[in-house]
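Analysis of the macromolecular model
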Amino acid sequence: MTVALGIPAPRGGARADAADTTGAGSAATVVAARPREAGSGLSDRFGRVATDLRVSLTDRCNLRCTYCMPAEGLPFLPRPALMSRAEIVRLVRLAAEHLGVRQVRFTGGEPLLRADLVDIVREVAALDPRPEISLTTNAIGLASRATALAEAGLDRVNVSLDSIEPATFEAITRRPFLDRVLAGIDAVRSAGLVSTKVNAVLMRGVNDHQAVDLLDWALTGGHQLRFIEQMPLDADHSWSRTDMITAAEIRGLLEERYRLAPDDAPRDGAPAELYRVYDGERMLGRVGVIASVTEAFCSDCRRTRLTAEGRVRSCLFSHTETDLLEPMRAGATDDDLAELWRGAMWAKPAGHGLDDPTFAQPARTMSAIGG
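Heads up: these notes are all about the structure in this document. (Residues numbered from 1 in each chain as written. Predicted model: local features only at pLDDT ≥ 70, side-chain atom pairs only at ≥ 80, totals over all residues. Heavy atoms only, no water.)

Here we take up the overall build of the chain. What the chain contains, in helices and strands, is 10 helices and 13 strands. Each of the 371 residues in the chain was classed as buried or not, and the buried ones make up 56%. Look at the contacts in the chain between residues 6 or more apart in sequence, and 73% of them connect residues 24 or more apart. Accessible surface, the chain as shown: approximately 15,200 Å² in total, 52% of it carbon and sulfur. (Helix = DSSP H or I, 4+ residues; strand = E, 2+ residues; numbered from the N terminus. Buried < 20%, exposed > 50% of the residue type's maximum accessible area, 1.4 Å probe, protein only. Contact = heavy atoms within 4.5 Å. Areas by Shrake-Rupley, 256 points an atom, 1.4 Å probe, with all protein chains shown as cover.)

Have a look at this one:
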């Protein structure tokens, strides 16, 4: 079942014989569509194959970040509407066994709010083939659960952190919890998980002047910092391109202190463009920039998403979703669900269309979609 979300679907639809002119970068592209092959993985009409699955475990969150939620929060889904642990594991198993998914990232909302998170990770880690398992979290509560998650099979953690200054952190998140976040990050390393990634959104006049300080902190702690352009996924729909800190500006801010050089490792579908960070001739580490808006990477997108209520989204900016949960609860077989999932991804547009004058912001916010 395909569910419309109150805004017309992107151009291109599900026709296999049409071209898509949705903007895939700074300029619109025209890409010839291909016929769909029966029983294939999660391919689309433009030659991309999704192997990276993002699964939202809940739409609830214990922060109220200004670029995501209003201060009073949002109406949350009733618990029966959410996927159960068994339903999550079944869909991840289907994706790994039959649809070619190799990486699974659990997101939210805030996934640590799921009491059964450790059990979900353990059951997914027992799958064969076993996908790489990561977690995107605000790290509040992670200090007490990091060891259990690592023992269950979690491979890596991404932490959302926009400032290491307490006052700025509280201004952005509307919560005084910076100490809990930092404790969670420390606990990840103590649990034996390495290569923690830290995701930061810079906002003009709020924390953009702290970009170098945040990078200094990440390099000292051995974390890979990734700056993300603010995207039009806020509940207030107040995002504007002119207010957004662009990737070019981010690089400029960092180059006031460091020399950046493009990393020579293959990007391989990753959202972040990596740069080596030099102090003089000494390399200190790497930093990533995710330029979803101004330097879009849609042409090599390999992601598919499941919302907390079991709906497939082919793109972060989709206006339609394909429901897997209702058919699953009604008795659909694995083959039935796989075909629904393939169909949803086949209809994926060539690009998110942010440069198109007709672009309309999705009705759902990032917390409801899953990062």
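We now examine unusual backbone geometry. Omega for the bond connecting G108 with G109 falls within 30 degrees of zero, at 20°, which places this linkage in the cis form. The residue G109 is located in the loop between β3 (103-107) and α2 (117-125) in this model. That bond from D128 to P129 is cis: its omega, 5°, falls within 30 degrees of zero. Position of P129 among the secondary structure elements: in the loop between α2 and β4 (132-137). Positive phi, normally seen in glycine, also occurs at A139, with a value near 75°. Classification of A139 by relative accessible area gives buried; the value is 0%. Here R174, not a glycine, exhibits a phi torsion of approximately 60°, which is positive.

Looking now at the nonpolar core. Counting residues in each nonpolar core, the largest one holds 97 residues, and the members touching the most others are V55, F106, F227 and W341. What F227 contacts, discounting residues up to four positions off in sequence, is A200, L202, A211, L214, I250, L254, V287, G288, V289 and I290. (Core = buried A, V, L, I, M, F, W, Y, C linked by side-chain atoms within 4.5 Å.)

What follows is about helix α9 (residues 334-346). The terminal C-alpha atoms of α9 lie 18 Å apart, and with 13 residues this matches the ideal 18 Å at 1.5 Å per residue to within 8%. D334, L337, A338, W341, R342, A344, M345 and W346 are the residues of α9 that are buried. Summarising the contacts, the buried residues of α9 are in contact with β2 (52-56), α1 (85-98), β11 (303-306), β12 (311-313), β13 (320-323) and α8 (325-329). (Expected span 1.5 Å × (residues − 1).)

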